[in-house]
Amino acid sequence: MRKQLPPLESLRVLAACVRHGNFSRAAAELGITPTAVSQRMRTLEAQIGVVLFRRHGPRLTTTDRARALGQGVDQALTLMRAAVENCRRIKHPLRVTCAPTFAARWLVPKLASYHALPGADAIALDATQSLSPAGSFDVAIRSGTGPWPPYEALKLLSELGTPMVSPKWVDSGTRLTVRKLLRVPLIPDPRWSAWFRLAGLANANPTFVATRFPNYELEAQAVLQGIGAALLSPVLFAPLTEQGSLVAPFPWTVEGPASYWLLWTKEFAESHFLGWMKSQFGIASTSR
């Protein structure tokens, strides 16, 4: 059976006594009294069954065993300090969970420029449709209406929607009108009726495609394939309209009811990534 090691603090006191060859100087280094040092050393001798110091009145002689043990403890303490410093320097990736559309259309295209910033966090990105369980992420970007207890939360961007179609649905030299849009199959979205009211056609009776998609990113892929029209964000999908891959022919945009939110746990309130996200949307560091 292994013998139990004496307390680490007692070994640390021993190492100081060996270095100084004197209880008083060791006590001064450690910030304790000489009496406390003497008591610890007597207890240590009893615990390990070895004479460490020979006492001749006020004089003290360190034994060979004490010197060997003290030097070994000093080496071990040096290794422990180095291990602790290495642990402090290691920066574990920040766990970020993000709504798939926001990840694909906003976050991922900006990550290269983010990582070029001094002090940028390493990121472990998880693009999931729903909020991950508590404890499995440090920062989240989610779509919904809030609130988000127990997390700190800031609204980043309202979910916006304007009709987008593939260029193949737009006749050359003509523009797509609201009534012509009724000839295009629409990808199901509860916001369509609100959009048609904005466009002045409250009694619209559109045709919907049979497939429902779980997120806007897949809806956009369906639109690119010419399946139909979808209500997509003019902010998140701006690159596709600028490239001409998608056409957004109307000025009317529905907003909400959901929004994209930035969430975080309190221990990551000062993280570099969180500060960067706030700055990207011009948000002051106040929580909801």
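Student: Help me understand the overall build of the protein in this model?
Tutor: On a plain count of helices and strands, the protein comes out with 10 helices and 8 strands. Rg of the C-alpha trace for the protein: 34 Å, well past the compact-globule value of 19 Å for 288 residues, more than 25% over. Dimensions of the protein, computed from the C-alpha atoms along their principal axes, are close to 110 × 40 × 30 Å. Considering only contacts within the protein whose residues lie at least 6 apart along the sequence, 71% involve residues at least 24 apart. Total accessible area computed for the protein in this model is approximately 16200 Å², and 55% of it derives from carbon and sulfur atoms. If the 32 positive side-chain charges of the protein are averaged to one point and the 19 negative ones to another, these points end up 5 Å apart.

Student: Mind showing me how you'd approach the packing of aromatic side chains here?
Tutor: Overall, the coordinates contain 16 aromatic pairs when judged by the stated rule. Consider the rings of phenylalanine 250 and tryptophan 252, whose centres lie 6.2 Å apart with planes at 25°: the pair is stacked. Residue classification places tryptophan 252 among the partly exposed positions, given a relative accessible area of 30%. Chaining the aromatic ring pairs together yields one cluster made of Phe102, Trp106, Tyr114, Tyr260, Phe273, Trp276 and Phe281. Over the ring of tryptophan 264 we find lysine 278, and its NZ or CZ is 4.6 Å from the ring centre.

Student: Mind showing me how you'd approach the pairing of strand E3 (residues 94-98) here?
Tutor: Taken residue by residue, a regular strand's side chains alternate between the two faces of the sheet. Counting buried positions over the 5 residues of E3 gives 4, a clear majority of the element. Where E3 and strand E4 (residues 123-127) come together, 5 bridges link them in parallel fashion. When the sheet's bridge partners are listed, leucine 94 is paired in E4 with isoleucine 123. Read from E3 through helix H5 (residues 100-115) to E4, the crossover connection turns out right-handed. One ladder, built from 3 bridges, connects E3 with strand E5 (residues 139-144); its direction is parallel. The residue bridging threonine 97 from the neighbouring strand is alanine 140, located in E5.

Student: For this particular structure, what's the right way to read the nonpolar core?
Tutor: Looking at soluble globular proteins, one finds that nonpolar side chains tend to be buried together. By size, the foremost hydrophobic cluster in this structure holds 36 residues, and its most contacted members are Phe102, Leu107, Phe273 and Met277. Broken down by secondary-structure element, the contributors of at least two residues to this core are E3, H5, E5, strand E6 (152-164), helix H8 (216-224), strand E7 (230-232), strand E8 (254-264) and helix H10 (272-280). The biggest single contributor to this core is H5, with 6 residues. Those residues in contact with leucine 107 that lie beyond four places of it in its chain are Cys98, Phe102, Leu125, Ile141, Phe273 and Trp276. Core analysis: the second largest hydrophobic core is formed by 20 residues, Ala16, Leu30, Val37 and Val50 among them.

Student: Got a minute to help me understand helix H3 (residues 34-48) in this structure?
Tutor: For an α-helix the count is 3.6 residues per turn, leaving residues at separations of three or four pointing the same way. With 15 residues, H3 should cover 21 Å at 1.5 Å per step; its first-to-last C-alpha distance of 21 Å lies within 8% of that length. Where the residues of H3 are buried, they touch helix H1 (8-20), helix H2 (23-30) and strand E1 (53-56). Positioned one or two residues after H3, glycine 49 has a phi angle of 70°, which is positive.

Student: Help me understand the packing of H1 against H3, please; the structure alone is not making it clear to me.
Tutor: What describes two packed helices is the angle between their axes and the distance between those same axes. Contact geometry for H1 and H3: axes closest at 10 Å, N-to-C directions at 110°. Taken together, the axis directions place H1 and H3 in an arrangement best described as roughly perpendicular. In this structure, H1 meets H3 at a crossing whose hand is left-handed. Judged by residue contacts, Glu9, Ser10, Leu11, Val13, Leu14 and Cys17 of H1 engage Val37, Arg40, Met41 and Leu44 from H3.

Student: Mind showing me how you'd approach the side chain of serine 259 here?
Tutor: Considering the arrangement of structural elements, one finds serine 259 in strand E8. Note on serine 259: relative accessible area 6%, which makes it buried. Beyond its immediate stretch of four places on either side in the chain, serine 259 contacts Arg142, Ser143, Gly144, Lys155, Leu157, Ser158 and Glu159.

Student: Just to check I follow, could you spell out the sheet that holds E8 for this structure?
Tutor: Two pairing modes exist for strands in a sheet, parallel and antiparallel, and in both the strands are linked by backbone hydrogen bonds. With respect to topology, 6 strands assemble into an open sheet ordered E4-E3-E5-E8-E6-E7, the strand pairing being mixed. The open sheet has two edge strands with one neighbour each: E4 and E7. Looking at each pair of strands side by side, their axes are set apart by 25° on average, direction ignored. As defined by bridge partners, E5 adjoins E8 across 6 bridges and the pair is classed as antiparallel. By the bridge assignment for E8, arginine 142 is matched with tryptophan 261. Contacting E3, E4, E5, E6 and E8, H5 runs over the sheet at an angle of about 165° to E4.

Student: How should I be thinking about H2 in this particular structure?
Tutor: The set of residues buried in H2 consists of Phe23, Ala26, Ala27 and Leu30. Around the axis of H2, the buried residues are gathered within 100° of arc, so they sit on the same side. The backbone nitrogen of serine 24 has a side-chain oxygen 2.7 Å away, supplied by the residue at the start of H2, namely asparagine 22.

Parameters and conventions
- Here, residues in each chain are numbered from 1, in the same order as that chain's written sequence.
- Per-residue local features are limited, in this predicted model, to residues with pLDDT of at least 70; the limit for side-chain atom pairs, both in listing and counting, is 80 or more; totals at the level of whole chains, interfaces and linings are taken over all residues.
- To get the side-chain values, take all heavy atoms of the structure and skip hydrogens and water.
- Strands here are runs of E lasting at least two residues and helices are runs of H or I lasting at least four, both read from the DSSP assignment and numbered beginning at the N terminus.
- The reference for a compact globule is 2.2 Å times residues^0.38; the radius of gyration itself is calculated from the C-alpha atoms.
- The contact definition used throughout considers only heavy atoms, calling two residues in contact when any of these lie within 4.5 Å.
- Areas reported as accessible are Shrake-Rupley estimates using a 1.4 Å probe. Residue values count occlusion only from the protein chains shown.
- This count recognises Lys and Arg as positive and Asp and Glu as negative, with His and chain-terminal groups excluded.
- To locate a charge, take NZ of a lysine, CZ of an arginine, CG of an aspartate or CD of a glutamate.
- Under the pairing criterion, centres of Phe, Tyr and Trp rings, with the six-membered ring standing for Trp, must be within 6.5 Å; the plane angle then separates stacked pairs below 30 degrees from edge-to-face pairs above 60, leaving the rest tilted.
- Each residue is assigned to one of three classes by its accessible area relative to the maximum for its type, calculated with a 1.4 Å probe on protein chains only: buried under 20%, partly exposed between the two thresholds, exposed over 50%.
- The rule is short: NZ of Lys or CZ of Arg within 6 Å of the ring centre and within 35 degrees of the ring normal puts a charge over the ring.
- Two strands are counted as paired when DSSP detects at least two bridges linking them.
- Note on handedness: a crossover is taken as right-handed if, strands pointing away from the viewer, the path from the first strand over the helix to the second is clockwise.
- Residues belong to one nonpolar core when they are buried, are Ala, Val, Leu, Ile, Met, Phe, Trp, Tyr or Cys, and are joined through side-chain atoms within 4.5 Å.
- In a helix, the anticipated span is given by 1.5 Å times the number of residues less one.
- Every axis in this analysis is a line fitted to C-alpha atoms, fitted for helices over the stretch in contact. Angles between the N-to-C directions lie between 0 and 180 degrees.
- Each angle receives one of four descriptions, namely roughly parallel if under 35 degrees, roughly antiparallel if over 145, roughly perpendicular if within 65 to 115, and oblique otherwise.
- The handedness criterion is simple: a crossing whose near helix is rotated anticlockwise from the far helix by less than a right angle is left-handed, and one whose near helix is rotated clockwise is right-handed.
- Note that the arc is computed from the directions linking the helix axis to the C-beta atoms.
- Definition of a polar contact: a pair of N or O atoms within 3.5 Å, with one able to donate and the other able to accept a hydrogen when the atoms are protein atoms, and with sequence-neighbouring residues admitted only if both atoms are side-chain atoms.

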